[in-house]
Amino acid sequence: MEGISPPSTPLGDVLKVRRRRTYVGREGERELVRARLESADQQLSVLYLHGPGGIGKTALLDVLAEIAADAGATVVRLDGRDLPPSPTAVLDVLGETVEVPVTGAIARGEERLCVLVDTYEVLAPIDDWVRTRLLPRLPATALTVIASRTPPSPQWRADAGWCDLLRVVSMRNLTPRQCRQYLREVAVPPQVHERICQITHGHPLALSLVADVASRGGEVAADPLTPDLIGVLMQRFIDVVPSPVHRRALEVCALARVTTESLLRDVLELDDAHEVFAWLRHLSFVDAGPEGLFPHDLSRDVVDADLRWRDLDSYTTVFHRVWRHLRRRLTLCSGREQQRVIFDLKFVFRNLPGVLSPVDWGSWGHHYPEPAREEDRETIVGMVRSHEGAESAEICAAWFVRQPEGFFIVRRPDGGARGFFGLLDLSRASSDDLAADPGAAAAWNFARAHAPPRSGEAITLTRFVVDGSTYQDPSPTLNAIPIITMQRYLCTPLLSWDFLTLAEPDRWNEYFAVADLPRAEGADFEVGARRYGLFAHDFRRVPVDAWFEQVAVRALSENPTAPALPAAHVLVLSQPEFEQAVRQALHDWHRPDLLRRNPLMRTRLVCDRVGAEPDVAELDSVLRDAVDALAGDPRDDKLVRAVDRTYLRPAATQEAAAEMLGLPFSTYRRHLTQGVAQIVSWLWDREIYGPRSEQK
């Protein structure tokens, strides 16, 4: 009839078509349900899906409901959010769709039935009833799909009757391929696909939220975890946080690579952290591994970003407490365990916006370096030849002969070499070795020109860095280098300069400036057609402990590349220069104006005591400590008295000092010379080894 419009398509059908077109992933679960409903096979009665909030459980149930309806099954939907956890409430909802007698079987036996239960974790109080009373009343042909944040209780697996009838699926994030497929379907510009995949980690809810912004023309910024997005995801991840202590425990878990009760006790300052550890362990987005607890990637990033945005002071506090707990552990372990702690120590820096880190975080902590073997030599030299040319390969081969213990391999799962790096001790190298390698010569000459190594001090150089697949881009090989170098920092006695050689050095400047391993200006060199740069740190100016602290402070600051002023003022004296400075300080002890200009004021000896611009009082205190140490041995009493009457409570002249002590002048001079020599020796030990040298 004219003037009458044809009937429009129902909105429900439009929604169904759009849902099917944009839904990606979970092919295994969909096919499993489709095959089960289309066959008489009774080997599957319950499909139990579990995963954190936002992982797509409800969306999958929607798709499964359509599959069940298309297969001609009667579909019953239950949602724990809408039901009190009681048998009566569940039976009432079932009764709206199928026949539920007071006793006996629910629904007719020949009826194909699909029961979909969402938010099952809310129904946990009646889990035993569901397993032992409700489900056994359903037809043998029925399929029940349960979606929960938590895995099934142990009773499900302990019941032999359910062994073959239960399938448990832990729902995970979408793969990069599935993410890109979804982004194409919702018309997100292709140029931002990779960035969105990276920052959402394939988490379905985050993916859909960011895609919605991008498809409408919004900007996908460098840090797209905006407060609005964080807020939505936080609500999905965490229903209730019982107390501020539990929230702080969650923040610790997000920051640390793995969380243990020991870490929580220390950081939260608790006598017993078992309860909060158990609470973390049962969160749907937290997994347990051999080393401790760890959250899923996106949930970790969201909790971390939420705290940084909401309360930067608290974030800084948590960061330092976690970092210092790990730093203390470093001194209590060795070998592979120490390497794991070093992995943990660097991991806490991963989300700091001021750190442009050359790290492959996806493989972080999964590949450990091991000493290269003689049979690895040809592989190592071949890698260098492939990436750097024949001349560089020849230099590498020579160093492998000279210092084979300095070469480390990162292996693939099959045992083959993924990559390698070489750590050389230049203080053990001959002049011919140095002359044959432009890189080693550049490092040695830079050290001698700026602060020469003193007798017995070591100079180390990371000379070759080659990953077979990526060369010097982020890789498991690059990940492994700081593990061995940090162990070297902790274990090398009298370490002075440490150098790192890298190709294309300009791109590393900012990162290594934050790490206080700045570019060695004027020390670039060439081998073949490739230019290399050196990055250097003098551990006499900033010792290991101070270096660790400095890097942490810089990484948290608004201007992480700003130089640390105290370190720039530290002076490295040779032993003769140091001895002369001590003698001059003793002579000028009661002249603050002269002491202020003494070179000792800028040495580690004094600067370590204050960590800032030192005062003359600090040098006075150091000198008195040295005299007190001399006085600690009764055999040196005569030496102490000579020093006392010459420098602490000086007589008018040395002759007068000898007379006051009742000694011939020659004897007095001998005692004074011996006393000053011991003071110089004691102070030199502290200058070289640090304040703990006196405990040896």
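Below or above, wherever it landed, is the structure these notes cover. This one's a predicted model, so the numbers in the text were calculated from it and none came from an experiment. (Residues numbered from 1 in each chain as written. Predicted model: local features only at pLDDT ≥ 70, side-chain atom pairs only at ≥ 80, totals over all residues. Heavy atoms only, no water.)

## Focus on the overall build of the protein
Put simply, the rule reads: Each helix is a run of DSSP H or I of at least 4 residues and each strand a run of E of at least 2, with the numbering of both proceeding from the N terminus. Only protein chains enter the accessibility calculation, which uses a 1.4 Å probe; a residue is then buried when its area is under 20% of its type maximum, exposed when over 50%, and partly exposed in between. Here, residues are in contact when the closest pair of their heavy atoms is within 4.5 Å. Only the protein chains shown count as covering a residue, and every accessible area follows the Shrake-Rupley method with a 1.4 Å probe.
What the protein contains, in helices and strands, is 31 helices and 14 strands. Within the span of the protein, comprising 696 residues, buried residues form 52% of the whole. In the protein, the proportion of contacts linking residues at least 24 apart, taken out of those at least 6 apart, comes to 71%. In the form shown here, the protein has an accessible surface area of approximately 32700 Å², with 52% of it arising from carbon and sulfur atoms.

## Regarding the nonpolar core
Definition in use: Throughout, nonpolar core names a set of buried Ala, Val, Leu, Ile, Met, Phe, Trp, Tyr and Cys residues whose side chains join them through atoms within 4.5 Å.
In this structure, Leu264, Leu280, Phe319, Val322, Phe349, Phe421 and Phe512 are the most contacted members of the largest nonpolar core, which totals 80 residues. When residues no more than four places from it in sequence are discounted, the contact partners of Phe421 are Pro369, Gly406, Phe407, Phe408, Val410, Phe464, Val465, Thr477, Ala480, Ile481 and Ile484. Residues Leu424, Ala443, Ala503 and Val572 belong to the second largest nonpolar core, which totals 41 residues.

## Quick word on the sheet that holds strand β1 (residues 46-50)
To keep things clear, this is the line we draw: Only strands that DSSP links by at least two bridges are regarded as paired with each other. In this description, a line fitted to the C-alpha atoms serves as the axis of each element, helices being fitted only across the stretch in contact, and the angle between N-to-C directions of two axes falls anywhere from 0 to 180 degrees.
An order of β2-β3-β4-β1-β5 is seen for the five strands of this open sheet, with the pairing classed as parallel. Lying at the two open borders of the sheet, with one neighbouring strand each, are β2 (74-79) and β5 (166-170). In this sheet, adjacent strand axes meet at a mean angle of 15° when their direction is disregarded. Relative to β2, helix α4 (residues 87-95) is tilted by about 150°, and along the sheet it contacts β2 and β3 (113-118).

## Some details on unusual backbone geometry
Positive phi, close to 55°, is recorded for Thr119, a residue that is not glycine. If you trace the backbone, Thr119 turns up in the loop between β3 and α5 (127-134). With a relative accessible area of 10%, Thr119 lands in the buried category. The phi dihedral of Glu269 falls on the positive side, at around 55°, and the residue is not glycine. If you trace the backbone, Glu269 turns up in the loop between α12 (261-268) and α13 (274-281).

## Section: the sheet that holds strand β8 (residues 370-371)
If you walk across this open sheet you meet the seven strands as β8-β9-β10-β11-β12-β14-β13, and the pairing is mixed. In this open sheet, the two strands that pair with only one neighbour each are β8 and β13 (525-527). The sheet contact formed by strand β12 (residues 495-503) and strand β14 (residues 530-538) spans seven bridges and is antiparallel. Across the sheet, residue Asp498 finds its bridge partner in β14, namely His537.

## Regarding the side chain of His325
With respect to the element layout, His325 can be found in helix α15 (residues 312-330). Among residues more than four places away in sequence, those in contact with His325 are Ser262, Leu263 and Asp266.

## Structural notes on the pairing of strand β9 (residues 407-411)
For β9, the tally of buried residues reaches five of five residues, placing the bulk of the element in the interior. Neither face of β9 is left uncovered, since the one carrying Phe407, Ile409 and Arg411 and the one carrying Phe408 and Val410 both have all their residues buried. As paired strands, β9 and strand β10 (residues 417-425) are joined by five bridges and run antiparallel to one another. Paired with Phe407 across the two strands is Gly422, which belongs to β10. Taken together, β9 and the strand that follows it, β10, pair antiparallel across an intervening segment of five residues, in which Gly415 is found at a positive phi of about 95°.

## Regarding the packing of aromatic side chains
For the record, the criterion: When the centres of two rings from Phe, Tyr and Trp lie within 6.5 Å, Trp using its six-membered ring, the rings pair. Their planes under 30 degrees apart give stacked, over 60 give edge-to-face, and anything left gives tilted. By definition, being over a ring means that NZ of Lys or CZ of Arg is both within 6 Å of the ring centre and within 35 degrees of the ring normal.
On inspection of all chains with the given rule, the structure shows 22 aromatic pairs. A ring pair is formed by Trp156 and Trp162, whose centres lie 5.2 Å apart and whose planes are at 50°; its orientation type is tilted. Classification of Trp162 as buried rests on a relative accessible area of 10%. With a centroid separation of 5.8 Å and an interplanar angle of 20°, the aromatic rings of Phe408 and Phe421 are classed as stacked. Of this pair, Phe408 sits in strand β9 while Phe421 sits in strand β10, and the two are 13 residues apart along the sequence. Look at Phe408 and you get buried, because its relative accessible area is 13%. Cation over ring: Arg308 sits above Tyr315, and NZ or CZ is 5.7 Å from the ring centre. Above the plane of the ring of Phe464 lies Arg463, whose end atom (NZ or CZ) is 4.5 Å from the centre.

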